[in-house]
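Descriptive structure summary
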Amino acid sequence: MVKFADRIQPCDNGLSDIFAYANDPALISFAAGYPNNHLFPQNELQTAFNASLTDSASLQYSSAAGLKSLRAKIAAHISDTKRTFNADQILLTQGAQQGLDLTAKLLVNPGDGVVVEAPTYLGALSAFDAYQPTYYEVSLQDDGMDLSVLQKTLMTHSVKFIYTIPDFQNPTGSTLSLAKRHALLQLAERYDVIILEDSPYRDLRFSGDSLPSLASLDTTDHVISLGSFSKILSPGLRLGWLVAAPQFLQPLTELKLGNDVQSSTLVMNAIDQYLTEHDINTHIAKMNRAYVVKMNTMLNALDRYLPATVSFTKPTGGFFIYLTLPAEIDANQLLKQVILPEAKVAYVPSGSLFPVSHQANGIRLNFTNLDNDTIESGVKRLGKILTAVLRQPKYAKL
Ligand SMILES: Cc1ncc(COP(=O)(O)O)c(C=O)c1O
């Protein structure tokens, strides 16, 4: 029997049960964080890929940092009134996910402190887990991390980085306020801790003004910032970016080289081609018009069908709404025992989104990947069964 490395932990995130129902045509799944298939600019990307393939350089190795003209376009896209970025500050990655892995690989020795929002993105924990950090959870408020909890943590523990999803957070949909962005940067500077900003949903704002990114407010080189084409163009392309000061970017590029040599030349060229021919902001605006209708359909249905003892977030963008059930309910047990078999509805239960406290009474719902009628009927089924469950004392121990 081969013994795996000590860092490999058994995985039980509650999602395997959902796969058992994946082929059931009655299943309505709010679980995956997928963009909507019908919104991919498929014809435009096909043209861009064809154009790239006319140049044999697209089939050749290129560079670990990634195609410079594409980096320049990304730099222009993420520049704002506070800061102008350039191509040399950017490393192209295999999705934002690779940026999570590379950053942890660069910074974390076994046992080192890593602060995460509670709840947080499961995929980030999967990436960080391999480096065996000690996690510290910081609870979330409507306007982002509770900075008094964060400050106490930084005062009492040695921390390598603070992982935050400041815009339309996964899983809660919450956004870090401008005041807290400034305060977070001050804390990072005072305690000399890196902030890992992960913001793949940043452009998916349905109302209000965009807030400056932490990277654009950072004047002391304390931020490593991640972005991605996954949610604004297509996740199948597997292309994201990492922005950092040279002292981080250079070793991160070396790590990328050791990891996968470079991102796909063909994909980088095709995206570059697409961005030359099309205004991505027009495409993003089209997606946002569709997604806001889906989000409002879900919010209205939640208002109508959920029992009063279940609260939920009201985001202004992104992919997710987060439900909080009464504290004694375990959303994973509920999913397995009742919701999947009886309501044929799937969601992500919260236990594995809290690496320390494993709080089990939360539910993440995605609204981007289904049509409006399906969202409405899925929430209706979920609400009906939750109402019944929460009335019955026999389910109190779930
Ligand atoms: C917060 C967050 N970070 C990173 C990722 C990974 O995205 P990518 O497809 O760019 O690797 C996701 C994907 O769902 C995410 O929600």
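This structure is a prediction, so every number in the text was calculated from the model and none was measured.

Re a nonpolar patch on the surface
Taken together, Val2, Phe4 and Ile8 make up a surface patch of nonpolar side chains, about 350 Å² in accessible area. With respect to the element layout, Val2 can be found in the segment before α1 (16-20).

Observations concerning the sheet that holds strand β9 (residues 240-243)
In spatial order, the strands read β2-β9-β8-β7-β6-β3-β4-β5; together these eight strands make up an open sheet with mixed pairing. On the outer flanks of this sheet lie β2 (90-93) and β5 (144-145), each paired with one strand and no other. Pairing analysis gives two bridges linking strand β4 (residues 134-141) to β5, with the strands arranged antiparallel. Note on β5: the bridge partner recorded for Leu140 is Met145. Across the sheet, helix α3 (residues 68-78) touches β2 and β9, and the angle it forms with β2 is around 110 degrees.

Overview of the UniProt feature "domain: Aminotransferase class I/classII large" (unreviewed entry) in the protein
The UniProt feature table records "domain: Aminotransferase class I/classII large" (unreviewed entry) at residues 47-382. For residues 47-382, helix accounts for 43% and strand for 17%, while the C-alpha atoms at its two ends are 42 Å apart.

Some remarks on the pattern of salt bridges
In the structure shown here, the tally under the stated rule is ten salt bridges. For the salt bridge of Asp6 with Lys3, the shortest nitrogen-to-oxygen distance reads 3.7 Å. This pair shows no difference in class: Asp6 is exposed, exactly as Lys3 is. Ionic contacts of the salt-bridge type, sharing partners, join the residues Asp167, Arg181 and Arg202 into one network.

As for the side chain of Asn366
For Asn366, the location among the structural elements is in strand β14 (residues 362-366). Side-chain polar atoms of Asn366 contact the backbone nitrogen of Asn369, separated by 3.3 Å. Ignoring sequence-local partners within four residues, the contact set of Asn366 consists of Phe30, Ala32, Gly33, Tyr34, Met298, Phe319 and Phe320.

A word on the packing of helix α11 (residues 280-305) against helix α13 (residues 372-391)
Any two packed helices are characterised by how steeply their axes cross, that is the angle between the axes, and by the distance between the axes. At their nearest, the axes of α11 and α13 sit 9 Å apart, and the two run at 25 degrees to each other. Compared by their axis directions, α11 and α13 come out roughly parallel. Relative to α13, α11 is oriented so that their crossing is right-handed. Where α11 abuts α13, its residues Val293, Lys294, Thr297, Met298, Ala301, Leu302, Arg304 and Tyr305 lie against Asn372, Ile375, Glu376, Val379, Lys380, Gly383, Lys384 and Thr387. Residues belonging to the contact of α11 with α13 are distributed by class as follows: seven nonpolar, four polar and five charged.

Quick word on the domain arrangement of the protein
Accessible area lost upon the coming together of the parts serves often as the stated size of an interface. One can read the domain layout of the protein as domain 1 (16-40 + 282-395) and domain 2 (55-277). Computed over C-alpha atoms, the centres of domain 1 and domain 2 are 26 Å apart. Taken together, the contact pairs 29 residues of domain 1 with 28 residues of domain 2. Together domain 1 and domain 2 conceal approximately 2300 Å² of surface at their shared face, both sides included; 67% is due to carbon and sulfur atoms. Taken as a group, Thr316, Leu353 and Pro355 account for 23% of the area that domain 1 buries against domain 2, more than any other trio of residues on that side.

A few points about the pairing of β14
Among the five residues that make up β14, five are buried, leaving the element largely enclosed by the rest of the structure. Across five bridges, strand β11 (residues 320-324) lies against β14 in antiparallel orientation. Bridging from a neighbouring strand, Ile321 pairs with Leu365 of β14. The pairing of strand β13 (residues 348-349) with β14 spans two bridges and is classified as antiparallel. Its bridge partner lying in β14, Pro349 is registered against Ile363.

Thresholds, definitions, all that
Residues numbered from 1 in each chain as written. Predicted model: local features only at pLDDT ≥ 70, side-chain atom pairs only at ≥ 80, totals over all residues. Heavy atoms only, no water. Patch = residues over 30% accessible without salt bridge, like charges linked within 9 Å, V, L, I, M, F, W, Y side chains within 5 Å. Areas by Shrake-Rupley, 256 points an atom, 1.4 Å probe, with all protein chains shown as cover. Salt bridge = Lys/Arg side-chain N within 4 Å of Asp/Glu carboxyl O. Helix = DSSP H or I, 4+ residues; strand = E, 2+ residues; numbered from the N terminus. Pairing = 2+ DSSP bridges. Contact = heavy atoms within 4.5 Å. Axes fitted to C-alpha atoms, helices over the stretch in contact; angles between N-to-C directions. UniProt positions renumbered as here; feature names shortened; annotations may be inferred. Buried < 20%, exposed > 50% of the residue type's maximum accessible area, 1.4 Å probe, protein only. Polar contact = N/O pair within 3.5 Å; in protein donor to acceptor, adjacent residues only side chain to side chain. Parallel < 35°, antiparallel > 145°, perpendicular 65-115°, else oblique. Left-handed = near helix turned anticlockwise from the far one by under 90°. Nonpolar A, V, L, I, M, F, W, Y, C, P; charged D, E, K, R; others polar. Domains from an automatic or database assignment. Buried area = accessible area lost by both parts, 1.4 Å probe.

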